[in-house]
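So you can see what is in the structure, the chains are spelled out below.
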Amino acid sequence: MQQYLQNKKGLVQRVFDNVYDKYDLMNDFMSLGVHRIWKKDLLSWMNPSNNKTLIDVACGTGDLGKLFLDATDKNGEIFCVDPNKGMIGKGKEKLSTYKNINWIIAPAEKLPIQDNSCDYYTISFGLRNTKDLNKALSEAYRVLKPGGRYLCLEFSKIQNSNLDFIYKNYSRLIPLVGKAIVGQKEPYEYLIKSIEEFINQEELIDLMNKNKFVNCSYRNLSGGIVAIHSGWKV
């Protein structure tokens, strides 16, 4: 497992300080809008009940939180957590009509949330940016109630050689798009590199098991461009 990119002090923070204002727009460009379908797939697999508590870590501008509340008649409680102040600010603006969202600035490795307090934990496209995967997973386990569920949506390893070839060539264009839209290509060069260096589907299952999660499984989406991992706390 290589995490030298994540361990560069301040690198991830600087990346998102530079892009948060155009974060949603760039996500649509980078994924051709498909990231919205992937997030809906995660909510579909979660199949949340009413009156439950969700913690969404690395929440960005709150896409998953909105989907969760819309799916539960807006009667659940959410902790939307992100280490980037600018990103939290954009989320508050975007979801200002949703009153039961608690916005928190914090990293995945140190959540200011009580033990055994959440029914669901989600993290989408944020796990690979953490400095310590094990700490992020152990914190997820800590804040979940017994019977709580962990769901991670993350870029993964494509298992079709033809699709992998197309995707890698497409990825080379993303920093150029970032330059045109955001005015900088460097943050997107980092993001592409972080995807390349991240662990594969089975390695993440192993880490989840080592951090006490049970009944762990994953689903590949779009041929493995991304995967959803699921695990339970007992």
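Procedures and definitions
- Residues numbered from 1 in each chain as written.
- Predicted model: local features only at pLDDT ≥ 70, side-chain atom pairs only at ≥ 80, totals over all residues.
- Heavy atoms only, no water.
- UniProt positions renumbered as here; feature names shortened; annotations may be inferred.
- Helix = DSSP H or I, 4+ residues; strand = E, 2+ residues; numbered from the N terminus.
- Buried < 20%, exposed > 50% of the residue type's maximum accessible area, 1.4 Å probe, protein only.
- Pairing = 2+ DSSP bridges.
- Axes fitted to C-alpha atoms, helices over the stretch in contact; angles between N-to-C directions.
- Expected span 1.5 Å × (residues − 1).
- Phe/Tyr/Trp six-rings, centres within 6.5 Å; stacked < 30°, edge-to-face > 60°.
- Lys NZ or Arg CZ within 6 Å of the ring centre and 35° of its normal.

Visitor: How should I be thinking about the UniProt feature "binding site: S-adenosyl-L-methionine" (unreviewed entry) in the chain in this particular structure?
Guide: Sites flagged by UniProt as "binding site: S-adenosyl-L-methionine" (unreviewed entry) map to Thr61, Asp82 and Ser124. In three dimensions, the annotated residues from a span of 64 residues occupy one location, with a maximal C-alpha spread of 11.4 Å. With respect to the secondary-structure elements, threonine 61 resides in the loop between β1 (53–57) and α4 (63–71). You can call threonine 61 buried: its relative accessible area is 3%. With respect to the helices, strands and loops of the structure, aspartate 82 is situated in strand β2 (residues 77–82). Overall, the relative accessible area of 7% leaves aspartate 82 in the buried class.

Visitor: When you look at the sheet that holds strand β3 (residues 101–105) in this model, what are you seeing that I'm missing?
Guide: Sheet strands associate in pairs through backbone hydrogen bonding, adopting either a parallel or an antiparallel arrangement. In spatial order, the strands read β3-β2-β1-β4-β5-β7-β6; together these seven strands make up an open sheet with mixed pairing. Since the sheet does not close on itself, it has two edges, and those belong to β3 and β6 (214–221), each with one partner. In this sheet, neighbouring strand axes are inclined to one another by 15 degrees on average, regardless of whether the strands run parallel or antiparallel.

Visitor: Even after reading the chapter, I still don't get helix α9 (residues 186–197), so can you show me in this structure?
Guide: The terminal C-alpha atoms of α9, which comprises twelve residues, lie 17 Å apart, in line with the 16 Å expected from a rise of 1.5 Å per residue. Along α9, the positions that sit buried rather than exposed are Pro187, Tyr188, Tyr190, Leu191, Ile192, Ser194, Ile195 and Glu197.

Visitor: Explanation requested: the packing of aromatic side chains in the structure shown.
Guide: For any pair of aromatic rings, the description rests on two quantities: the centre-to-centre distance and the angle between the ring planes. In total, this model carries seven aromatic pairs according to the counting rule given. Between the aromatic rings of tryptophan 38 and phenylalanine 155, the centroid separation amounts to 6.4 Å while the plane-to-plane angle is 85 degrees, which identifies the pairing as edge-to-face. Highlighted residues: tryptophan 38 in helix α3 (residues 34–46) and phenylalanine 155 in strand β5 (residues 144–155), separated in sequence by 117 residues. The class for phenylalanine 155 is buried, based on a relative accessible area of 16%. With a centroid separation of 5.1 Å and an interplanar angle of 40 degrees, the aromatic rings of tyrosine 150 and phenylalanine 213 are classed as tilted. Taken together, the positions of tyrosine 150 in strand β5 and phenylalanine 213 in the loop between α10 (201–210) and β6 put the pair 63 residues apart, joining distant regions of the chain. The pair formed by tyrosine 150 and phenylalanine 213 is uniform in burial state, with each residue classed as buried. An aromatic cluster is built from Tyr121, Tyr141, Tyr150 and Phe213, whose rings are joined through pairwise contacts. One Lys or Arg, arginine 149, reaches over the ring of tryptophan 45 and ends 5.1 Å from the middle of that ring.

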